[in-house]
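# Examination of the molecular architecture
Here are the chains, one letter per residue:
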Amino acid sequence: MKYLLTLFTILSTLTVSAQTVDEDQLGAWYMYFYNTSFKESNWGVQGDFQYRDWQIFGDKEQLLLRSGITYTPSDSGIKFTLGYGYVSSGAFGDSEESSVESRIYQEGLFGQRLFKKLLITHRLRFEQRWVENQDFRTRYRYNLFVNIPFNNDNLVAKTWYFAFYNELFINAQRDIGEGRSVEYFDRNRTYLGLGYALSDKIRFQTGWMKQTTTSVAKGQLQFSMHHTF
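These figures come from a predicted structure and were not determined experimentally. Residue numbering note: each chain is counted from 1, following its sequence as written. Residue-level local features of this predicted model are given only where pLDDT is at least 70; pairs of side-chain atoms are given and counted only at 80 or more, and the full residue set underlies all totals for whole chains, interfaces and linings. By convention in this description, side-chain values take in all heavy atoms of the structure and omit both hydrogens and water.

### Points about the overall build of the protein
Let me state the cut-off plainly: What counts as a helix is a DSSP run of H or I of at least four residues, what counts as a strand is a run of E of at least two, and both are numbered from the N terminus. Type-normalised accessible area, obtained with a 1.4 Å probe on protein chains alone, sets the label of each residue: buried when under 20%, exposed when over 50%, and partly exposed for intermediate values. Note on contacts: a residue pair qualifies if any of its non-hydrogen atoms lie within 4.5 Å across the two residues.
Per the secondary structure count, the protein includes one helix and 13 strands. Each helix and strand of the protein, placed in order from N terminus to C terminus, yields the pattern α-β-β-β-β-β-β-β-β-β-β-β-β-β. When the backbone C-alpha atoms are referred to their principal axes, the protein occupies close to 75 × 35 × 30 Å. A buried classification covers 37% of the 229 residues belonging to the protein. Partitioning the contacts of the protein with sequence separation of at least 6, the portion at a separation of at least 24 is 49%.

### Concerning the environment of F185
In this fold, F185 is placed in strand β11 (residues 185-197). F185 sits in the partly exposed class, given a relative accessible area of 31%. Here the alpha-carbon distance between F185 and R174, two residues eleven residues apart in the chain, equals 9.5 Å. Not counting chain neighbours up to four residues away, the residues in contact with F185 comprise L168, F169, I170, N171, T212, T213 and T214.

### Some words on the packing of aromatic side chains
Quick note on the threshold: Pairing of aromatic rings covers Phe, Tyr and Trp, the last counted by its six-membered ring, and requires centre-to-centre distances within 6.5 Å; plane angles under 30 degrees mean stacked, over 60 mean edge-to-face, and any other angle means tilted.
Tallied over the full model, the rule gives 15 aromatic pairs. An angle of 90° between the planes, with centres 5.5 Å apart, marks the rings of W54 and F92 as edge-to-face. With a gap of 38 residues between them, W54 in the loop between β2 (43-53) and β3 (60-71) and F92 in the loop between β4 (78-90) and β5 (98-114) connect regions that are remote in the sequence. On the basis of relative accessible area, F92 is assigned to the buried category, the value being 14%.

### Details of the side chain of R52
Short version of the rule: Asp and Glu count as negative and Lys and Arg as positive, but His and the ends of the chain are not part of the count. Counted as salt bridges are all cases of a side-chain nitrogen of Lys or Arg within 4 Å of a carboxyl oxygen of Asp or Glu. Residues adjacent in sequence count toward polar contacts only when both atoms are side-chain atoms; beyond that, a polar contact is any pair of N or O atoms within 3.5 Å, and within protein one must be able to donate a hydrogen and the other to accept it.
Among the structural elements, R52 can be located in strand β2. At 5.8 Å, D48 is the nearest oppositely charged side chain to R52, a buried residue that forms no salt bridge. Of note is the side chain of R52, whose polar atom sits 2.9 Å from the side chain of Q50. A distance of 2.5 Å separates a polar atom in the side chain of R52 from a polar atom in the side chain of Q62.

### Topic: the environment of V182
Among the secondary structure elements, V182 is positioned in the loop between β10 (180-181) and β11. Judged by its relative accessible area of 18%, V182 falls in the buried class. Note: C-alpha distance between V182 and T214 (32 residues apart in sequence) is 9.0 Å. With residues up to four places along the chain from it excluded, the contact list for V182 reads R137, N171, Q173, R174 and I176.

### A word on the pairing of β3
Here is the rule: One bridge is not enough; two strands pair if DSSP finds at least two bridges between them.
Bridge count for β2 against β3 is eleven bridges, and the pairing is antiparallel. Its bridge partner being in β3, V45 is matched across the sheet by I69. Taking the residues between adjacent antiparallel strands as the criterion, β2 and β3 are bridged by six residues, where G58 takes a positive phi near 115°. Examined bridge by bridge, β3 and β4 share ten bridges and lie antiparallel to one another. Along β4, the bridge assignment pairs G68 with G83. Connecting β3 to the antiparallel partner β4 that follows it, the hairpin turn spans six residues, and D75 within it adopts a positive phi of roughly 55°.

### So, the sheet that holds strand β12 (residues 202-213)
The condition is simple: Only the contacting stretch of a helix is used when fitting its axis, a line to C-alpha atoms as for every element, and angles between N-to-C directions run 0 to 180 degrees.
Strands sit in the order β1-β2-β3-β4-β5-β6-β7-β8-β11-β12-β13 around a closed barrel of eleven strands; the barrel is mixed. Going across the sheet, the axis of each strand differs from the next one's by a mean of 20°, ignoring polarity.

### Focus: the nonpolar core
Note that soluble globular proteins tend to have their nonpolar side chains buried in a common cluster. Just so we agree on the cut-off: What makes a nonpolar core is a set of buried Ala, Val, Leu, Ile, Met, Phe, Trp, Tyr and Cys residues whose side-chain atoms join them at distances within 4.5 Å.
Grouped together as the largest cluster of nonpolar side chains are nine residues: W29, M31, L119, L155, Y161, A163, Y165, Y191 and M209. Listed by contribution, the elements that provide at least two residues to this core are β1 (27-37) and β8 (159-171). The leading source of residues in this core is β8, at three residues. Residues in contact with L119, not counting those within four places in the same chain, are Q112, R113, F145, V146, N147, P149, D153, N154 and L155.

In C-alpha cells:
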C-alpha cells in the first residue's frame, strides 16, 4: 500500500506539472477589429474576433467574439459603446478542460494628438461577467494606445507606424463564489508592434505582447487587422 501511495503521488505531481503554463512558450493571438457608422448618423457598430493560442497554433487558449453598438455625440471626440462578448477558454497543454464566459460591457474611447505625430487613444471599459462555475463578476479596464506614424502625420494609406499599448485590468470585487476569491489586480498587458496602413480603411499590425497576471507572465505574438468600413 505504501508503494501504491508513493506511485499515486508521483503521477499526480507529473499531471499537475504537465498542465502548468509554460511561461517560456511563445503564444500567438490572431485578431480582426472592425468599426463602421450607419451612413451619416452618430450611431454605428464595432467589435473584434480573436483566436488566442497557448503556442503558435494547435493549443487553444481562447476564442473571443465581441460586438457592440456605438454612439458618438456630435463634436464630442468621444465614442461610447454598449456591447456583448462571448469567450470560450481552453486549458494549457493536453487538458480537455474548457470554460465559457458571457459578458456585457460599456466603454468610452477618445483620442488626442501630441507633438504632431504622437497619436494617443484612451479606452475605459466596464464589464459585467458571467463566468462558468463562478458568481457574477465585474471588472474595470483602462487601455492607453500610442501610434507614431513614420512617413505621414496620420494613419492614412501607405503609412508605416510604431504601435504601443498598455492595458490594466482591475477586478471590482474579490469573492467569486464557493469560498474562492481573486485579487483586485487581474492582469496587465504591454504591447510593442509595427503597423502598415494598406488604405485609409484597412491597417495591419504585428508585434509582441506580454501579459502578466497574479500567477503567470507570458509573451504572445499578435497579428491583427483593423478595418473601418
